[in-house]
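For reference, the chains in residue letters:
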Amino acid sequence: MEKHRKLFICLSIAFPVLIICGYIFRQQLMDLGKLLPPCPFYLFSGYHCPGCGNTRSITHLLSGELLLSLRCNITPLFLFLIIVMLYIEMLFYIFGKRVKLLPRSMPLWISVILLFMVYFAARNFIGILAPV
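As the structure is a prediction and not an experimental result, all values here were calculated from the model.

> Account for the overall build of the protein chain, naming residues and giving values.
Within the protein chain one finds 7 helices and 0 strands. Put simply, the protein chain runs from its N terminus to its C terminus through helices and strands in the order α-α-α-α-α-α-α. Relative to its length of 132 residues, the protein chain is extended, with a C-alpha radius of gyration of 18 Å against a globular reference of 14 Å. Per-residue burial over the protein chain gives 24% buried out of 132 residues. A sequence separation of at least 24 residues applies to 56% of the contacts in the protein chain between residues at least 6 apart. Within the protein chain, one finds 12 positive and 4 negative side-chain charges whose respective centroids are separated by 6 Å.

> An account of helix 1 (residues 2-24) is requested, with residue identities and associated values reported.
The end-to-end C-alpha distance of helix 1 is 34 Å, a good match for the 33 Å that 23 residues give at a rise of 1.5 Å each. Those residues of helix 1 not exposed but buried are S12, F15 and G22. Along its buried surface, helix 1 packs onto helix 2 (26-33), helix 4 (54-62) and helix 6 (75-94).

> Give me the packing of helix 6 against helix 7 (residues 106-122): which residues, what numbers.
One way to put it is that helix 6 packs onto helix 7 with a least axis distance of 13 Å and a crossing angle of 160 degrees. Comparing the axis directions of helix 6 and helix 7 gives the class roughly antiparallel. The two elements helix 6 and helix 7 cross, and the hand of that crossing is right-handed. Facing helix 6, whose interface residues are T75, F78 and I82, helix 7 presents W109, V112, F116 and F120. For the contact of helix 6 with helix 7, a count of residues per class yields 6 nonpolar, 1 polar and no charged.

> Run through the packing of helix 2 against helix 4, naming residues and quoting values.
In a pair of packed helices, the angle between the axes and the distance between the axes together describe the arrangement. Where helix 2 contacts helix 4, the axes come no closer than 10 Å and their chain directions differ by 160 degrees. Relative to helix 4, the element helix 2 is oriented roughly antiparallel. Helix 4 is crossed by helix 2, and the crossing has left-handed handedness. Residues R26, L29, M30 and G33 of helix 2 touch helix 4, and the partners they reach there are T55, T59 and L62. Classifying every residue of the contact of helix 2 with helix 4 by side-chain character gives 3 nonpolar, 3 polar and 1 charged.

> Got a sec to walk through the confidence of the model for the protein chain? Specific residues and values, please.
Confidence in the prediction for the protein chain averages 90 pLDDT; 99% of positions are at 70 or higher. Considering each helix and strand of the protein chain separately, the mean pLDDT is smallest for helix 1, with a value of 86, and largest for helix 7, with 94.

Rules used throughout
Residues numbered from 1 in each chain as written. Predicted model: local features only at pLDDT ≥ 70, side-chain atom pairs only at ≥ 80, totals over all residues. Heavy atoms only, no water. Helix = DSSP H or I, 4+ residues; strand = E, 2+ residues; numbered from the N terminus. Rg over C-alpha atoms; globule rule 2.2 N^0.38 Å. Buried < 20%, exposed > 50% of the residue type's maximum accessible area, 1.4 Å probe, protein only. Contact = heavy atoms within 4.5 Å. Lys, Arg positive; Asp, Glu negative; His and termini not counted. Charge placed at Lys NZ, Arg CZ, Asp CG, Glu CD. Expected span 1.5 Å × (residues − 1). Axes fitted to C-alpha atoms, helices over the stretch in contact; angles between N-to-C directions. Parallel < 35°, antiparallel > 145°, perpendicular 65-115°, else oblique. Left-handed = near helix turned anticlockwise from the far one by under 90°. Nonpolar A, V, L, I, M, F, W, Y, C, P; charged D, E, K, R; others polar. pLDDT = per-residue confidence, 0-100.

Put into structure tokens, the structure is as follows:
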């Protein structure tokens, strides 16, 4: 158990360092996003795939434009929130408390996945949901 605690302490230090580095080098990260090719699925079919808008979403998130980030794709922000919740759980564990912020219910996660699938399909037909 002590071995895991040491690993978690290292991770608890690494996560904020990564966030700070991402903030410091945000312009370079946004410039890297411009080098990526356009989505081949969208080019050939005209429909947005589940990954369409992720790069733009992260770029807007790094610029502090939360609403535009959500408009491009909700997945990066959703995953970031899950990671933050797991990080907080890990911090509690390091200090000897067991706290579960993230639900562990399988029906809930199946519902979340189904909602994401509906969102990814609907954004091809409802203009306001389409990536900017």
